[in-house]
Each structure stands twice: as C-alpha cells, then as structure tokens.
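So you can see what is in the structure, the chains are spelled out below.
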Amino acid sequence: MTIQPICGVNVSRETLDRLHAYAALLQKWNAHINLVAASTLPDFWDRHIIDSAQLFTHAPANARHWVDLGSGGGLPALVCAILAKEHLPECQFTLVESDARKAAFLVTAVREFGLNAKVLTTRAETTPPQSADVVSARALAPLPQLLEWVGRHLAKDGVALLPKGKNYTEELAAAQREWHFDLALFDSQTDPLAKLLILKDITRV
Ligand SMILES: C[S@@+](CC[C@H](N)C(=O)[O-])C[C@H]1O[C@@H](n2cnc3c(N)ncnc32)[C@H](O)[C@@H]1O
C-alpha cells in the first residue's frame, strides 16, 4: 500500500521501514567506522536519506544497471537501491568502494535488505568498465577528475547523476575546459547552495 511520498516518489510501508532500518544500521556501524561525519547525525534523514533519494527521481525508467562510485556508507546507492526494489526492480546496482571496511558494511546492508546490488572493493579508475545506464557519485572528487571515472563506466547513452555543493560553478568551469557534455542543473531539495548535475554525452575536449 502506498503511504508516503519521498522526494515525490510514493513508497510503501515496507520501503519506508527499509529506509529507516538502513539509517539505523548505518548509524550503528558509524560508531566503529567513519561512514558519515558525526556532525551530520542529528539531521541524518534530510542530510543523507532525502539528499540521496532525490537522485532516484532522475533515473531513466528503463535503467537496468546503476553504478555508484565511492559509495562509502551507501549514499546515494543504497537509498536508491531500496527505492528501486519497489519502483525499478530490474535495475541492478554496482557499488564501487575502495575501503574494505566500508565495503563490508555495504555487503551487510545489501544482504540484510535483500537488494539487487553487488559490491566491488576496488578503485573506480581500475575497475573494469561497467557500461552503466546510470552512474552516480557523491562527495568523491572534483568534477574534472570525477568525469574521468564516470566516463569510464557510463554507457554511450547513459546518464550521470552528480550532486555537487556550493562550489559547483567553479567545478563546472574547470570541467568544461577538459570535457564536453550535455548538462541539466536541478536545485538540491536539501541544501539551497547545492545542485544536482545531470550529464550526458561526456567526451574529451
Ligand atoms: C567522502 S566519501 C563519500 C561517501 C558517500 N558517497 C557519501 O556521500 O557519503 C568518499 C568515499 O569514496 C571512497 N573512495 C575514494 N577514492 C576512491 C576511488 N578512487 N575508487 C573508489 N572509491 C573511492 C572512499 O573510501 C570513501 O568511502
């Protein structure tokens, strides 16, 4: 039964419960591994769950493979994988995280919530190209560097979903000196200074 919209996506009680259980699991592990900054814990739901969920609304309805680079504690990947379990069940997620302890958390969460996702404990730049329909990355690297890694894993007609903070104009200007891409900008729903960058057709200048 649909009970509540999250970023405009109607979610069932099961999905909402899963999101809360994931938030609780992450905060429990955060006492031992630095998955998110402790200073963000009081505002965890908006700062991390909603901030991640807003990416899901921009995923193409026919997406079958979503790669998230530098997943850390699973933001945005696991939030989107939980939403996808209800709304995009054929989409498989691949989480690329170089830190073995964080990857262990991700494997635990994937298993606990029965998600259509696998975890690669590898670096984005050396992971074999994934040819993904969607590539996301949050707080991983400045845009010029990030596009090298995103381009490696994005299918020719794929879409990159890249949340960026208040320095996004400088990052975009630097990236445009090295890269061509189609760009759409959306206001963040959680931070008035932040934007969601949606990029397609990324090629070297
Ligand atoms: C600042 S954290 C962000 C984590 C998560 N995306 C978030 O928003 O909370 C960056 C993460 O990327 C991982 N990382 C850094 N360089 C990487 C690389 N080259 N390939 C894969 N993961 C990387 C780090 O271990 C860390 O977990």
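Residues numbered from 1 in each chain as written. Predicted model: local features only at pLDDT ≥ 70, side-chain atom pairs only at ≥ 80, totals over all residues.

Per an unreviewed UniProt entry, the recorded name for the protein chain is Ribosomal RNA small subunit methyltransferase G, and the organism is Roseinatronobacter thiooxidans. You can read under Subcellular location (unreviewed entry) in the UniProt record for the protein chain the words "Cytoplasm". Entered under Sequence similarities (unreviewed entry) in the UniProt record, the comment concerning the protein chain runs "Belongs to the methyltransferase superfamily. RNA methyltransferase RsmG family." (UniProt positions renumbered as here; feature names shortened; annotations may be inferred.)

## Some words on the overall build of the protein chain
Helix and strand counts for the protein chain stand at 6 helices and 9 strands. Each principal axis of the C-alpha atoms in the protein chain carries an extent, and together these give about 45 × 35 × 35 Å. Counting all 205 residues of the protein chain, 39% fall into the buried class. (Helix = DSSP H or I, 4+ residues; strand = E, 2+ residues; numbered from the N terminus. Buried ≥ 20, exposed ≤ 12 C-beta atoms within 10 Å, placed from the backbone.)

## Describing the packing of helix H1 (residues 13-29) against helix H2 (residues 44-56)
It is the contact of H1 with H2, at a shortest axis distance of 11 Å, that shows an interaxial angle of 115 degrees. Note on packing geometry: the crossing formed by H1 with H2 is right-handed. Two secondary-structure elements touch here, H1 through Leu19, Ala23 and Gln27 and H2 through Phe44, Trp45 and Ile49. In the contact of H1 with H2, the residues fall into 5 nonpolar, 1 polar and no charged. (Axes fitted to C-alpha atoms, helices over the stretch in contact; angles between N-to-C directions. Left-handed = near helix turned anticlockwise from the far one by under 90°. Contact = placed C-beta atoms within 7 Å. Nonpolar A, V, L, I, M, F, W, Y, C, P; charged D, E, K, R; others polar.)

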